[in-house]
Amino acid sequence: MNGMASKYYVVWEGKKTGVFESWNEVKTLIQGFSGAKYKSFPSRAEAEAAYKNPGSVKSTPKKKKTRYYVIWDGENSGIYTDWDVAQKKLKGVPRGHFKTFGSKVLAEKALKEGPEAYKGKDFRKTQDLSEEQITKIGDPIELSLAVDAACNEMTGVMEYQGIWTFDRDQVLFRKGPYNGGTNNIGEFLALVHALAYFSKESDPKFKTMPIYSDSKIAMGWIKAKKCKTKARPSGEVAQLIQRAEAWLASNSFSNPILKWETKVWGEIPADFGRK
């Protein structure tokens, strides 16, 4: 491995123990291992010290993120931050009249607008940003395609899909499942699939159709025209990667590849909903 790793991983209990630089390698050592113990560190020195003296490592409790539970239902309408209270208010409330937000500003906006605009969307990953920050990010381009991938980390079973941003029920393509992949590989393949699909369309609007992804890594691979994964994909997935890289090497495109702003817009429309 060239250069310094951004993180170092200690495995105390796993198929193999020690200090490692690759998360992909660590995953293979802890998956399927009952009672696996591991942790990441910002420097090799800290990781090696922790490996030699695990008793010195103190766990840092994660700060619980505030959730905003919006209920649209007459006298129970409102925003609640206590889940126990919200649960009591939800008795008899239709499923489509309740939504969880990670952003207070967006929750307040949703309460005013009503449930219809939020139906079928997931806003749990939105963040507490100011109105100015939200306004600066703006809204997604409606006439666009969203892509996403899903991968079971334990089995490596991967699939990907492309769904129209303006109609989340319209799937343009869905591929897989494939064995021996990763989520980022799936995201990369989905982007190339979308680019190749649009390149064959005769309607000129497809040549500049924006494509949204929530993976900065996959977007970077598209820019580099190379799937720079450190994983070891299966033969089938490796062939898909080679084909995708060959397409990028021999074709040009004008489609903007844009980052889906999950912190404001919620889950990307192409999300598989398995989180």
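Quantities reported herein were computed from a predicted structural model and do not represent experimental measurements.

> Which residues make up the environment of Thr208, and what values do they have?
Relative to the assigned elements, Thr208 resides in the loop between α6 (183-199) and β10 (211-213). On the basis of relative accessibility, which here comes to 48%, the residue Thr208 falls in the partly exposed class. Placed 87 residues apart in sequence, Thr208 and Lys121 show a C-alpha to C-alpha distance of 26 Å. Among residues more than four places away in sequence, those in contact with Thr208 are Ser254, Asn255 and Pro256.

> Give me the lowdown on the sheet that holds strand β11 (residues 257-259), citing residues and values where you can.
The five strands lie next to each other as β9-β8-β7-β10-β11, forming an open sheet whose pairing is mixed. Taken across any chain shown, the strands that pair with only one partner, and hence form the sheet edges, are β9 (171-178) and β11. Within the sheet, the average angular offset between the axes of one strand and its neighbour, ignoring direction, is 25 degrees. Two elements, strand β7 (residues 145-151) and β10, share two bridges in a ladder whose sense is parallel. Counterpart to Ala146 in the pairing with β10 is Tyr212.

> Describe in detail unusual backbone geometry, supporting the description with residues and values.
Pro177 follows Gly176 through a cis peptide bond whose omega is 5 degrees. Mapped onto the fold, Pro177 is located in strand β9. Positive phi is not limited to glycine here, since Lys225 has a value of about 60 degrees. Mapped onto the fold, Lys225 is located in the loop between α7 (216-224) and α8 (235-250). Judged by its relative accessible area of 41%, Lys225 is partly exposed.

> Tell me what's going on with the pattern of salt bridges, and back it up with residues and numbers.
All told, the structure shown has nine salt bridges when counted by the stated rule. Two residues, Asp203 and Lys205, come together in a salt bridge whose shortest N-O distance is 2.6 Å. By relative accessible area, Asp203 is classed as partly exposed at 29%. Three or more residues joined by partner-sharing salt bridges are found here, namely Glu21, Arg44 and Glu48.

> So what's going on with the layout of surface pockets? Which residues, and what values?
Taken as a whole, the second largest pocket spans an internal volume of roughly 710 Å³. As for the second largest pocket, its lining consists of 28 residues, of which Lys109, Lys121, Asp139, Pro140 and Trp265 are closest to the centre. Elements with a minimum of two residues in the lining of the second largest pocket: α4 (104-113), α5 (131-137) and α9 (262-265). Of all the elements, α4 adds the most residues to the lining of the second largest pocket, at six residues. Of the residues that constitute the lining of the second largest pocket, the class distribution is 13 nonpolar, four polar and eleven charged.

> Would you mind going over the sheet that holds strand β2 (residues 18-20) in detail, with residue names and values included?
On the basis of which strands lie adjacent, the open sheet formed by three strands has the order β2-β1-β3 and antiparallel pairing. Looking at the sheet topology across the chains shown, the edges are occupied by β2 and β3 (37-41). Averaged over all pairs of adjacent strands, the angle between strand axes in this sheet comes to 25 degrees, irrespective of strand direction. Here three bridges tie strand β1 (residues 8-13) to β2, and the two strands are oriented antiparallel to one another. Within the sheet, the bridge partner assigned to Tyr9 lies in β2 and is Phe20. Strands in contact with helix α2 (residues 44-52) are β1, β2 and β3; relative to β1, the strand with the most contacts, it is inclined by about 10 degrees.

> I'd like a description of α8, backed by residues and values.
The terminal C-alpha atoms of α8, which comprises 16 residues, lie 23 Å apart, in line with the 22 Å expected from a rise of 1.5 Å per residue. All of the buried residues along α8 are Val237, Leu240, Ile241, Ala244, Glu245, Trp247 and Leu248. All buried residues of α8 project into a common sector of 155 degrees when viewed along the axis, lining one side. Turned more than 90 degrees away from the buried face of α8, the exposed residues are Gln239, Gln242, Arg243, Ala249 and Ser250. Buried positions along α8 lie against β8 (158-164), β9, α6 and α7.

Rules of the game
Residues numbered from 1 in each chain as written. Predicted model: local features only at pLDDT ≥ 70, side-chain atom pairs only at ≥ 80, totals over all residues. Heavy atoms only, no water. Helix = DSSP H or I, 4+ residues; strand = E, 2+ residues; numbered from the N terminus. Buried < 20%, exposed > 50% of the residue type's maximum accessible area, 1.4 Å probe, protein only. Contact = heavy atoms within 4.5 Å. Pairing = 2+ DSSP bridges. Axes fitted to C-alpha atoms, helices over the stretch in contact; angles between N-to-C directions. Salt bridge = Lys/Arg side-chain N within 4 Å of Asp/Glu carboxyl O. 1 Å grid on protein atoms, 1.4 Å probe; cavity = no way out; pocket = protein on both sides within 12 Å on 5 of 7 lines; lining within 4 Å. Points joined across faces, edges and corners; volume = space filled by probe spheres on them. Nonpolar A, V, L, I, M, F, W, Y, C, P; charged D, E, K, R; others polar. Expected span 1.5 Å × (residues − 1). Arc of directions from axis to C-beta.

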